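Close look at the chain arrangement
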Amino acid sequence: MTDKEETMDSSDGHAIAPSVKKSGRTSLLDSGEDFEVLDEEDIDDDPPPLEDAGGGKGRTTDESENKNADSDSEPSEPVEEWLDVLGNDQLKKKVMEAGEGRDSRPQKGQNVQINLKTFLKDGTLVEEQSDLSFTLGDGDVIQALDLTVQLMDMGEKALVHADAKYSYGVRGSIEPEIPPNSELSLEVELLKATDAPDLELLPPPEKICLASHKRERGNVHYQRADYAFAVNSYSIALQITESSSKVDISPEEEKELMDVRVKCLNNMAASQLKLDHYDAALKSCVSALEHQPDNIKALFRMGKVLALQGEYTDAIQTLRKALKLEPSNKTIHAELSKLVKKNSEQRGAEQAMYKKMLGNPGSSSGGSSSQKHQAKSTWALSWKWLFGATAVAIGGVALSVVIAARN
């Protein structure tokens, strides 16, 4: 048995189904040093006016003519400089064609549609996508896109330079073919942004499809060892499956939605284990088992969590239950054998510690036995002496009787 639920998509840059309105949810992109986006209100489009150093009325005609000449030499459209998005020179954006203005910028949680071209640092085109759709801020695409599209005006075309940290990282990608640790250049055109649909009004098949896409995105993050982002994607998928509905849903659709929910909980527990968040992982396993008490993967991961917390007895019982459901599972066999051995060693160590704390009770017991044996020997000797004395006394009386009879 493996930690992966199904075959996972290996591409980080492809579209994921649009998300939905989510209330009170905080994305991983909302916090953290790497995700601080500059406040656009602090960035001036135009330089401040020059201060008048010598009095406006005293300026000569030559100075005015020179100023006009300088103005005529400037381009008619302002040159857009590179915007250092995070202040670390690892993610930069430059406007190539202006859009409709800041008021048209998309908001987190909205579904956006873009045209995208992806280039390597040497200019090699590795991927071109038209009408790529994703939910802004959900981690559906690489971070470079999730962060910079938020700063684009509607209709804008921009060039983005991204360090590997904000694209495909140390692992690279198979599809698209991106070597490890590759810097990328992205040509992005923002086409449109729309509000996410209301979950309560979403037809059950669309809700199931949406939750499954978010879960699959979590699987991509998990495969890339981005466990925190995986937890975020699984959390979004769970919120979709747990949302109420104002439309009719059949028992079959309800069961399918429940299956997606349990898969998300199982995968979330696996990610939390990788992050050493044992309490959170245990909670995820418990939730999965509430829905499906005989879910083998939930039982197996719960056993592993309990073992890591030192609860060997409970862990062994949990794994035995899982093994009873699937006796041929070698992974559960191996984990159970390891735990039984650890539990035996722990109990032996505890017994040795208790003996040491009690001051070697074995020696005290031995001393007590010796004393009892000595007392028993002394008592036996006393009885022998008393028996001998009694015999002598009886013999003396008998001899006296005989002598008296002769006389």
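A contiguous nonpolar surface patch, about 350 Å² in accessible area, is contributed by Met 353, Tyr 354 and Met 357. Relative to the assigned elements, Tyr 354 resides in helix α9 (residues 330–357). When its relative accessible area of 45% is taken as the criterion, Tyr 354 is described as partly exposed.

Now for the nonpolar core. Counting residues in each nonpolar core, the largest one holds 40 residues, and the members touching the most others are Ile 240, Ile 332 and Leu 339. Where this core is concerned, the elements lending two or more residues are α3 (204–223), α4 (227–242), α5 (251–274), α6 (278–291), α7 (296–308), α8 (312–325) and α9. Membership of the second largest hydrophobic core comes to 30 residues, among which are Leu 86, Leu 132, Ala 144 and Leu 190.

Our focus in this paragraph is unusual backbone geometry. The amide bond that connects Glu 175 to the next residue, Pro 176, takes the cis arrangement and shows omega of 5°. The residue Pro 176 is located in the loop between β5 (157–162) and β6 (184–194) in this model. In the Ramachandran plot, Ala 225 falls in the positive-phi region, its phi being about 65° despite a non-glycine side chain. Tracing the backbone shows Ala 225 in the loop between α3 and α4. You can call Ala 225 partly exposed: its relative accessible area is 28%. At Asp 276, a position not held by glycine, the phi torsion is positive, near 65°.

As a further point, take the side chain of Ser 284. Mapped onto the fold, Ser 284 is located in helix α6. Under the relative-accessibility criterion, Ser 284 is labelled buried at 5%. At 2.9 Å, the side chain of Ser 284 forms a polar contact with the side chain of Gln 272. Among residues more than four places away in sequence, those in contact with Ser 284 are Leu 265, Met 268, Ala 269 and Gln 272.

All right, on to the sheet that holds strand β3 (residues 111–120) then. As summarised here, the arrangement of the 6 strands in space is β1-β2-β5-β6-β3-β4, forming an open sheet in which the pairing is antiparallel. Strands with a single pairing partner mark the edges of an open sheet, and in this sheet they are β1 (83–84) and β4 (125–135). Two strands pair when backbone bridges link them, and β1 and strand β2 (residues 91–97) are joined in this way by 2 bridges, in the antiparallel orientation. For Leu 83, the partnering residue across the bridge sits in β2 and is Lys 93.

The final tally for this structure, using the stated rule, is 1 aromatic pair. Note on Tyr 222 and Tyr 227: the rings are 5.3 Å apart at their centroids and 65° apart in plane angle, and the pair reads as edge-to-face. Exposure remark for Tyr 222: the relative accessible area of 10% places this residue in the buried category. Its guanidinium or amino end placed over the ring of Trp 82, Lys 92 lies 5.6 Å from that ring's centre, counting from NZ or CZ.

About the thresholds
The residue count restarts for each chain, going from 1 along the sequence in the order it is written. The predicted origin of the model limits local features to residues at a pLDDT of at least 70 and limits the giving and counting of side-chain atom pairs to 80 or more, whereas totals for whole chains, interfaces and linings rest on all residues. Heavy atoms throughout the structure, all of them, feed into the side-chain values; hydrogens and water do not. A patch consists of residues exposed above 30% relative accessible area that lack any salt bridge, with like charges linked at up to 9 Å and nonpolar side chains (Val, Leu, Ile, Met, Phe, Trp, Tyr) linked at up to 5 Å. Where accessible areas are quoted, they stem from the Shrake-Rupley method and a 1.4 Å probe; at the residue level, only the protein chains shown are allowed to cover. Criterion for a salt bridge: a side-chain nitrogen of Lys or Arg within 4 Å of a carboxyl oxygen of Asp or Glu. Secondary structure counts use DSSP, requiring at least four H or I residues in a row for a helix and at least two E residues in a row for a strand, with both numbered from the N terminus. The cut-offs for exposure are 20% and 50% of the maximum accessible area for each residue type, with area from a 1.4 Å probe on protein chains only; residues under the lower value are buried, those over the upper are exposed, and the others partly exposed. Working definition of a nonpolar core: buried Ala, Val, Leu, Ile, Met, Phe, Trp, Tyr and Cys residues. They are joined through side-chain atoms within 4.5 Å. Counting of polar contacts relies on pairs of N or O atoms within 3.5 Å, with two restrictions inside protein: one atom must be capable of donating a hydrogen and the other of accepting it, and residues adjacent in sequence are counted only when both atoms are side-chain atoms. Note on definitions: a residue-residue contact is assigned when non-hydrogen atoms from the two residues lie within 4.5 Å. For two strands to be treated as a pair, DSSP must find at least two bridges joining them. Here a pair means two rings of Phe, Tyr or Trp (six-membered ring of Trp) with centres within 6.5 Å. Their orientation is stacked below 30 degrees between planes, edge-to-face above 60, and tilted elsewhere. Should the NZ of a Lys or the CZ of an Arg lie within 6 Å of a ring centre and within 35 degrees of the ring normal, that charge is described as sitting over the ring.

In short, shape yes, function no, at least from these values alone.
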